[in-house]
Amino acid sequence: MIAPVMLRKPIPEEVDPVKLAQKAVSLTGSLTASDFPALQGEPYSVLEGQVSFEMHFGRDSQNQCLIEGKVCGELTLECALCLKPVGHTVNCQFALRPVTSTDEAKALEEAYEPVLMDQGRVFPLFIVQEEILLSLPQVAKHSEGICTIAQSVTKFADNLSSNGQGPKNPFSVLEFLKRKPE
Ligand SMILES: [Zn+2]
C-alpha cells in the first residue's frame with residue numbers, strides 16, 4: 001500500500017509571536033474544512049469549504065507585541081432543519097495581544113483580544129479556528145423561503161387553513177416535521 005503524500009502545510013504548527021514581531025513576519029495561507037476537525041460534526045456542522053488567512057506579527061505604538069490579520073472564505077454548513085448544505089461566508093478581522101496569563105488577559109484594553117501563549121508560543125491554526133468559530137451562527141440554517149423544511153411546513157399550514165380544517169391534534173405539525181425530507 002502506498003502512503004498518501006503529506007504535503008507540507010504553509011502554516012507552521014507553533015510560532016514565537018515575540019520573535020516574529022521583532023522581524024515583522026507575516027503568515028498567509030489557505031486551509032480547508034478538514035484542517036479543523038473540531039468544527040466538523042456537532043455542534044458546528046462544518047461540512048466543507050476553504051478559508052484564506054493573513055496574520056501579521058508586529059508591535060503597537062506602545063511597543064507591545066500584536067498579531068493582526070483576517071480570515072476570509074466560504075464554508076458549507078449543515079442546515080439544522082433540513083440537513084442540507086447551507087453556505088456561510090467567513091470575513092473577519094482580528095487584533096490579538098499575546099498574553100502569558102489570564103490575569104494579563106483581563107487587564108487588556110478593549111481594542112485587543114487576548115491570545116494565551118503556551119511556553120511563549122501561539123498556534124496559528126488555532127487562531128484561525130477561533131476566528132471561524134466566532135463567525136459561525138448559533139444554529140446553522142437556511143433563511144426562510146429557501147429551507148425546504150420551512151417551506152413544506154408553511155405549505156402544510158396554508159393547506160390546513162385554506163380548506164378550513166384544523167389539524168386533528170396539536171401534534172400533527174410535529175409529526176410532519178419528523179418526516180424525512182425527500
Ligand atoms: Zn434548510
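Describing the overall build of the chain
In terms of helices and strands, the chain carries five helices and five strands. The helix and strand sequence of the chain, counted from the amino end, reads α-β-β-β-β-α-β-α-α-α. Excluding contacts between residues fewer than 6 apart, the proportion of contacts in the chain whose partners are at least 24 apart in sequence is 56%.

Re the sheet that holds strand β1 (residues 26-32)
Pairing between the strands of a sheet is mediated by backbone hydrogen bonds and can be parallel or antiparallel. The strand order across the open sheet built from five strands is β1-β2-β3-β4-β5, with neighbouring strands paired in mixed fashion. The outermost strands of the open sheet, each flanked by one partner alone, are β1 and β5 (113-116). Neighbour to neighbour, the strand axes of the sheet diverge by 25° on average, direction disregarded. Note: strand β4 (residues 85-99) against β5, four bridges, orientation parallel. Within the sheet, the bridge partner assigned to Arg 97 lies in β5 and is Pro 114. In the packing of helix α3 (residues 124-135) onto the sheet, contacts are made with β1, β2 (46-59), β3 (65-78), β4 and β5, and the angle to β4 comes to roughly 125°.

A short note on the nonpolar core
Nonpolar side chains tend to gather and get buried jointly when the protein is soluble and globular. Ranked by internal contacts, the top residues of the largest apolar core, which has 26 residues, are Val 51, Val 71, Val 128 and Ile 132. Breaking this core down by element, the ones donating at least two residues are α1 (17-22), β2, β3, β4 and α3. Considering every element that reaches this core, the biggest residue donor is β3, with six residues. The contacts of Val 71, once residues within four sequence positions are left out, are Val 51, Phe 53, Val 90, Cys 92, Val 128, Glu 131 and Ile 132.

Observations concerning the environment of Val 18
If you trace the backbone, Val 18 turns up in helix α1. The sequence separation of Val 18 and Phe 57 amounts to 39 residues, and the corresponding C-alpha distance is 8.0 Å.

Re α3
Here α3 is 12 residues long and its end C-alpha atoms lie 17 Å apart, about the 16 Å a rise of 1.5 Å per residue gives. Among the residues of α3, Pro 124, Ile 127, Val 128, Glu 131 and Ile 132 are the ones counted as buried. Summarising the axial view, the buried residues of α3 lie within an arc of 135°, below the 170-degree limit, and thus occupy one face. Its buried side turned inward, α3 meets β1, β2, β3, β4 and β5.

Side note on the environment of Glu 74
Following the sequence through the fold, Glu 74 ends up in strand β3. On the basis of neighbour counts, which here come to 13 C-beta atoms within 10 Å, the residue Glu 74 falls in the partly exposed class. If sequence neighbours within four positions are ignored, Glu 74 has contacts with Gly 49, Gln 50, Gly 87 and Thr 89.

Overview of the confidence of the model for the chain
Considering every residue of the chain, the mean pLDDT works out to 84; 76% of them sit at 70 or more. Within the chain, β3 carries the highest mean pLDDT (97), whereas helix α5 (residues 172-178) carries the lowest (52). Confidence over residues 4-8 falls short of pLDDT 50; this stretch has zero contacts with residues more than four positions distant or in other chains.

Some remarks on unusual backbone geometry
Omega for the bond connecting Glu 42 with Pro 43 falls within 30 degrees of zero, at -5°, which places this linkage in the cis form. Tracing the backbone shows Pro 43 in the loop between β1 and β2. The phi dihedral of Ser 45 is positive, around 60°, even though this residue is not glycine. In this structure, Ser 45 sits in the loop between β1 and β2.

Calculation criteria
Residues numbered from 1 in each chain as written. Predicted model: local features only at pLDDT ≥ 70, side-chain atom pairs only at ≥ 80, totals over all residues. Helix = DSSP H or I, 4+ residues; strand = E, 2+ residues; numbered from the N terminus. Contact = placed C-beta atoms within 7 Å. Pairing = 2+ DSSP bridges. Axes fitted to C-alpha atoms, helices over the stretch in contact; angles between N-to-C directions. Core = buried A, V, L, I, M, F, W, Y, C linked by C-beta atoms within 7 Å. Buried ≥ 20, exposed ≤ 12 C-beta atoms within 10 Å, placed from the backbone. Expected span 1.5 Å × (residues − 1). Arc of directions from axis to C-beta. pLDDT = per-residue confidence, 0-100.

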